[in-house]
Amino acid sequence: MRHLLCALIGVALFGTALARDNRVGTIPAAALPEEARATLKLIDAGGPFPYRRDGIVFQNRERRLPEQAKAYYREYTVQTPGSADRGARRIVAGDRPPAVFYYTADHYKSFRRIQR
C-alpha cells in the first residue's frame, strides 16, 4: 500500500511539473501580426531597434516562461498601430544569440512560443 501511495504521489508531482513546462502555447511566425514579424527581423539583424528599452533584460517575475538563468530573456517592443506609447505587445527572446522566442499581446499576461 505504501509503495502504491508513493507511486501515485510521484505521478501527480511529475504531471504538475509537465503542466508547468507546457503552459505556454505556440504560434507559427507566419500567424503573427505584421509588426511582430518585423520585430523578429530586427532581432535577427541585431537592430537597430526603434525603442531605447528594446533588448533590456526580461525578469520573468510572473514566472510565465520556463525558468532560466538571470539575463537569459530579453524583451523587444512590437509596434501597436494607433498606440501613443510602446503598447502592450512584446517579443521576449531567450538565449544569446536568441534561439527561442515568445509573443505576448497583453503585456506579459500570456505568452505563446513562436514556431519559426
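Anyway, here's the lowdown on the structure attached to this text. (Residues numbered from 1 in each chain as written. Predicted model: local features only at pLDDT ≥ 70, side-chain atom pairs only at ≥ 80, totals over all residues. Heavy atoms only, no water.)

### Looking at the nonpolar core
Thinking step 1. Membership of the largest hydrophobic core comes to 13 residues, with the highest contact counts inside it found for Leu-32, Ala-36, Leu-40, Ile-91, Phe-101, Tyr-103 and Ile-114.
Thinking step 2. Broken down by secondary-structure element, the contributors of at least two residues to this core are helix H2 (34–45), strand S4 (90–94) and strand S5 (100–104).
Thinking step 3. For this core, the element with the most residues is H2, which contributes three residues.
Thinking step 4. Counting 10 residues, the second-largest nonpolar core is a separate cluster that includes Leu-65, Tyr-73, Val-92 and Phe-111. (Core = buried A, V, L, I, M, F, W, Y, C linked by side-chain atoms within 4.5 Å. Buried < 20%, exposed > 50% of the residue type's maximum accessible area, 1.4 Å probe, protein only. Helix = DSSP H or I, 4+ residues; strand = E, 2+ residues; numbered from the N terminus.)

### Concerning the sheet that holds strand S3 (residues 73–77)
Thinking step 1. With mixed pairing, the six strands of this open sheet are ordered in space as S1-S6-S5-S4-S3-S2. Each of the sheet's edge strands pairs with one partner strand only, and the pair in question is strand S1 (25–28) and strand S2 (56–57).
Thinking step 2. Relative to S3, S2 is paired through two bridges, and the arrangement is antiparallel. Directly across from Val-57, in S3, lies its bridge partner Arg-74. (Pairing = 2+ DSSP bridges.)

### With respect to unusual backbone geometry
Thinking step 1. Cis geometry marks the peptide bond from Gly-47 to Pro-48; its omega dihedral reads 5°.
Thinking step 2. Looking at where Pro-48 falls in the secondary structure, it is placed in the loop between H2 and S2.
Thinking step 3. Here the amide bond leading from Arg-96 into Pro-97 is cis, since omega sits at -5°, within 30 degrees of zero.
Thinking step 4. Looking at the secondary structure, you find Pro-97 in the loop between S4 and S5.
Thinking step 5. A positive phi angle, near 55°, is found at Asn-60, a position not held by glycine.
Thinking step 6. Looking at where Asn-60 falls in the secondary structure, it is placed in the loop between S2 and S3.
Thinking step 7. Even without being glycine, Asp-95 reaches a positive phi, approximately 85°.
Thinking step 8. Looking at the secondary structure, you find Asp-95 in the loop between S4 and S5.

### Notes on the side chain of Arg-90
Thinking step 1. Note that Arg-90 resides in strand S4.
Thinking step 2. Classification of Arg-90 by relative accessible area gives buried; the value is 3%.
Thinking step 3. Side chain to side chain, Arg-90 and Tyr-108 meet in a polar contact 3.4 Å long.
Thinking step 4. The contacts of Arg-90, once residues within four sequence positions are left out, are Glu-75, Tyr-76, Thr-77, Val-78, Tyr-102, Tyr-103, Thr-104, His-107 and Tyr-108. (Polar contact = N/O pair within 3.5 Å; in protein donor to acceptor, adjacent residues only side chain to side chain. Contact = heavy atoms within 4.5 Å.)

### What about the packing of aromatic side chains?
Thinking step 1. Applying the stated rule across the entire model yields eight aromatic pairs.
Thinking step 2. Aromatic side chains Phe-58 and Tyr-108 sit 5.0 Å apart centroid to centroid with 40° between the ring planes, which places their arrangement in the tilted category. Pair noted here: Phe-58 is in the loop between S2 and S3 and Tyr-108 is in the loop between S5 and strand S6 (112–115), with a separation of 50 residues, a long-range link. Side by side, Phe-58 and Tyr-108 carry an identical accessibility label, which is buried.
Thinking step 3. Centre to centre, the rings of Tyr-72 and Tyr-73 are 4.9 Å apart; their planes meet at 85°, and the pair counts as edge-to-face.
Thinking step 4. Ring-pair connections join several aromatic residues into one group, and the members of that group are Phe-58, Tyr-72, Tyr-73, Tyr-102, Tyr-108 and Phe-111. (Phe/Tyr/Trp six-rings, centres within 6.5 Å; stacked < 30°, edge-to-face > 60°.)

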